[in-house]
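As a plain string of letters, each chain reads:
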Amino acid sequence: MESKVKTIGVLTSGGDAPGMNAAIRAVVRTGIARGIKVMGIRKGYNGLISGEIQELDARSVSDIIHRGGTILNTARCMEFMTEEGQKRGAQMCKIYGIDGLVVIGGDGSFKGAEKLAGLGINTIGVPGTIDLDIACTDYTVGFDTAVNTAMEAINKIRDTSASHERCSVVEVMGRNAGYIALWCGLTNGAEEIFIPEKGPIDENKLIRHILRNHQRGKNHNLIVVAEGIGGTQALAKKIEEVTGIEARATILGHLQRGGSPTAIDRLHASMMGAMAVELLIKGKSNRVVAYKHGTYEDYDINEALKMEKSIDEWMIEVSKMLAI
Ligand code: ADP
Ligand code: F6P
C-alpha cells in the first residue's frame, strides 16, 4: 500500500514510563521499514513548539529496548494547553514536513494530540503511563514494570516489618487511580488496600482490623495506600498511637517510574508502536492504540477520552478474602 504519510514525528509526553524507549524504537524502525522518514521530537510538546526536532535513523534507536526512561526526554508543557501553543505546534509540523505524529503518553497527552488532529496533523496516541488510567485499554506501557518494581520493594519492607512485628504503611503512585495499589496489594498479600476509587479511609474500621489481625496471630500488617488517598505518614502515626503497635510509613515515590521494562511492557510497546505507524500509513488520524480483551485495537481519541475505567470488584473481594 502506498503510504499516505511521508514523514512522521514521534514524541513522549507526560510522566516517563518504562517501555517508552521500546515504543520509540518500534515507531522508528517500522517507519523506516515502510519507507517513511522519522523525526524524533524532544521534550514532548515543548520540543515540538521550540523545534527540537531531528531525524532518527534505524541505528539511533539501537540498545534502548531494555532501558527505562525515554531517550527523547519528556515534559509537561503548559504552553500547549493554549490555542496559540497548539497552532504553533501544528505550524512546526508543517515546517518540518511532519504529516503524521505518534504521541506516546497518557490521557493528557492524547488531549494535545486531539487538538493537533483538529489542526490537520494526523495523530495517533500510544498509551504510555505507569498509572494504567486510560479507559480504552487493558494495558498501558510502563504499568507492568512499575507494579513489579513496587512489588519487589514491598517484599523488602515485609522482611523488616515481620522482623520487628510492625505495621507497615506503604504509599504507591498512580495519580488519581488505584491500579498500582490494587495490583501490588494483591500480589504482596497486603492486609488492607486503599484506593481513591473506593473513597476515603475509615480509620476506625482499619484500627479494628489491625487489632483483630493481632488477635488472629498476625504479628505484622502491611497496608498499601494509593497516592490518590495520601496521608500515609499521618496514618502510620495514628495507628501507632491508637493500637500501641509500632508503625512505619514508606512512600515509594519515583523509583516506581524507572528501571528496565518487563517483557510484557516491551511487547506491548513494540506492538503498539508498530501499529501506530501502520495506522498513519492507512491515512488514519485522531486514534489511540489499545490492547483490549487480548487483541490490539484502535479507538477514536474523543471516544477514548470519554470512556470510564472501572475497578475490578472481584479483585478487591479476592484481596480481602486472602488477607484473613
Ligand atoms: P499524561 O499524558 O501522562 O496524562 P499530563 O496530563 O501531564 O500527562 O499531560 C501531558 C501534557 O499533555 C501536558 O503537559 C500538556 O502539554 C498536554 N495536554 C494535557 N491536557 C491538554 C489539553 N487539554 N489540551 C492540550 N494539551 C494538553
Ligand atoms: O503519571 C505518572 C506519575 O508518576 C503519577 O503516578 C504521579 O502522580 C505523577 O506522575 C508524578 O509526577 P512528577 O514526576 O511530575 O512528580
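What you see is a predicted model; the values in this text were computed from it and never measured. Here the residue numbers are simple positions, counted from 1 along each chain's written sequence. The lettering of chains begins at A and the numbering of ligands begins at 1, in the order of writing. Where local features are concerned, this predicted model is filtered to residues with pLDDT of at least 70; where side-chain atom pairs are given and counted, the filter is 80 or more; whole-chain, interface and lining totals use all residues. Note that the side-chain values use all heavy atoms of the structure and ignore hydrogens as well as water.

A. Fine view of helix α5 (residues 143-164). For α5, which comprises 22 residues, the first-to-last C-alpha distance of 31 Å matches the rise-based estimate of 32 Å (1.5 Å per residue) to within 8%. Three labels apply to residues, based on accessible area from a 1.4 Å probe with only protein chains included: buried if under 20% of the type maximum, exposed if over 50%, partly exposed otherwise in between. Helix and strand labels come from DSSP, where a helix needs a run of H or I of at least four residues and a strand needs a run of E of at least two; each type is numbered from the N terminus. Here α5 has its buried residues at Phe143, Asp144, Thr145, Ala146, Val147, Ala150, Met151, Ala153, Ile154, Ile157 and Ser161. Residues count as neighbours in contact if any of their non-hydrogen atoms are within 4.5 Å of one another. Packing partners of the buried residues in α5 comprise β6 (167-172), α6 (179-187), β8 (221-226), β9 (247-251) and α9 (263-281). Just beyond α5, the residue with positive phi is Glu165, at close to 55°. The span one expects for a helix is its residue count, reduced by one, times 1.5 Å.

B. Examining the sheet that holds strand β11 (residues 295-300) more closely. Should DSSP find at least two bridges between two strands, the strands are regarded as paired. Sheet architecture is open: seven strands sit in the order β3-β2-β1-β4-β5-β10-β11, paired in mixed fashion. Looking at strand neighbours, the two that pair on one side only are β3 (53-55) and β11, the edges of this open sheet. Between one strand and the next, the sheet's axes are offset by a mean angle of 25°, whatever the strand orientation. Pairing geometry for strand β1 (residues 7-12) and strand β4 (residues 100-105), over five bridges, is parallel. Residue pairing for β4: Leu11 is matched across the bridge by Val103. Note on geometry: axes are lines fitted to C-alpha atoms, helical ones only across the stretch in contact, with angles between N-to-C directions running from 0 to 180 degrees. Its contacts with the sheet put α9 on β1, β4, β5 (122-127), β10 (287-292) and β11, and the angle it makes with β5 is roughly 170°.

C. Fine view of the pattern of salt bridges. For salt bridges, the criterion is a side-chain nitrogen of Lys or Arg within 4 Å of an Asp or Glu carboxyl oxygen. With the rule as written, the count across this model stands at 16 salt bridges. Of the charged contacts, one joins Asp16 and Arg257 as a salt bridge, the two residues approaching to 2.6 Å between their closest N and O atoms. One end of the pair, Asp16, is in the loop between β1 and α1 (20-33); the other, Arg257, is in the loop between β9 and α9, with 241 residues separating them in the sequence. Its relative accessible area of 19% is what places Arg257 among the buried residues.

D. Here's a closer look at the domain arrangement of the protein. An automatic or database domain assignment supplies the residue ranges for each domain. When its domains are assigned, the protein resolves into domain 1 (7-142 + 261-306) and domain 2 (144-258). A C-alpha centroid distance of 34 Å is found between domain 1 and domain 2. Domain 1 puts 14 residues into the contact, and the matching count from domain 2 is 14 residues. For the pair domain 1 and domain 2, the two sides together bury roughly 1200 Å², of which 55% comes from carbon and sulfur. Taken together, the links from domain 1 to domain 2 amount to two salt bridges. Here a polar contact is recorded for every N or O atom pair within 3.5 Å, except that within protein the pair must consist of a potential hydrogen donor and a potential acceptor, and residues adjacent in sequence are included only if both atoms are side-chain atoms. Applying the counting rule to domain 1 against domain 2 returns eight residue pairs in polar contact (both at pLDDT 80 or more). For the side of domain 1 that touches domain 2, the residue count by class is six nonpolar, three polar and five charged. When two parts are put together, the accessible area they lose, computed with a 1.4 Å probe and summed over both, is reported as buried area. Put simply, Ala, Val, Leu, Ile, Met, Phe, Trp, Tyr, Cys and Pro go in the nonpolar bin, Asp, Glu, Lys and Arg in the charged bin, and everything else, Gly too, in the polar bin.

E. Geometry of the layout of surface pockets. The distinction between a cavity and a pocket rests on a 1 Å grid over the protein atoms alone: a 1.4 Å probe fits inside a cavity but cannot get out, while a pocket stays open yet meets protein on both sides within 12 Å along at least five of seven lines, and a residue with an atom within 4 Å of a point counts as lining. Grid points are joined across faces, edges and corners, and a volume is the space filled by probe spheres set on the points. In this structure, the largest pocket spans a volume of roughly 930 Å³. Where the lining of the largest pocket is concerned, the elements lending two or more residues are α4 (107-118) and α10 (301-306). Broken down by element, the lining of the largest pocket gets its largest block of residues, six residues, from α4. Computed from the structure, the second largest pocket encloses a volume of approximately 530 Å³. Lining the second largest pocket are 23 residues, with Glu192, Ile193, Phe194, His209 and Lys320 sitting closest to its centre.

F. Broad picture of the packing of aromatic side chains. Any two of the Phe, Tyr and Trp rings considered here, Trp counted by its six-membered ring, make a pair once their centres fall within 6.5 Å; the pair's planes then place it as stacked at under 30 degrees, edge-to-face at over 60, or tilted in between. The final tally for this structure, using the stated rule, is four aromatic pairs. Aromatic side chains Tyr139 and Tyr291 sit 6.2 Å apart centroid to centroid with 55° between the ring planes, which places their arrangement in the tilted category. In this pair, Tyr139 sits in the loop between β5 and α5 while Tyr291 sits in strand β10, placing the two residues 152 residues apart along the sequence. Tyr291 carries the same exposure label as Tyr139, and that label is buried. When the ring of Tyr291 is compared with that of Tyr296, the centres are 4.8 Å apart and the planes differ by 55°; the resulting orientation is tilted. By way of ring pairs, the aromatic residues Tyr139, Tyr291 and Tyr296 are connected into one cluster. The criterion is that NZ of a Lys, or CZ of an Arg, lies within 6 Å of the ring centre and within 35 degrees of the ring normal, and then a charge sits over that ring. When the ring centre of Tyr179 is taken as origin, the NZ or CZ atom of Lys309, which lies over that ring, is 5.4 Å away.

G. Representation of unusual backbone geometry in the model. The phi angle at Arg175 is positive, at roughly 55°, despite the residue not being glycine. In this fold, Arg175 is placed in the loop between β6 and α6. Judged by its relative accessible area of 46%, Arg175 falls in the partly exposed class. Positioned with a positive phi, His293 is a non-glycine residue whose angle comes to about 50°.

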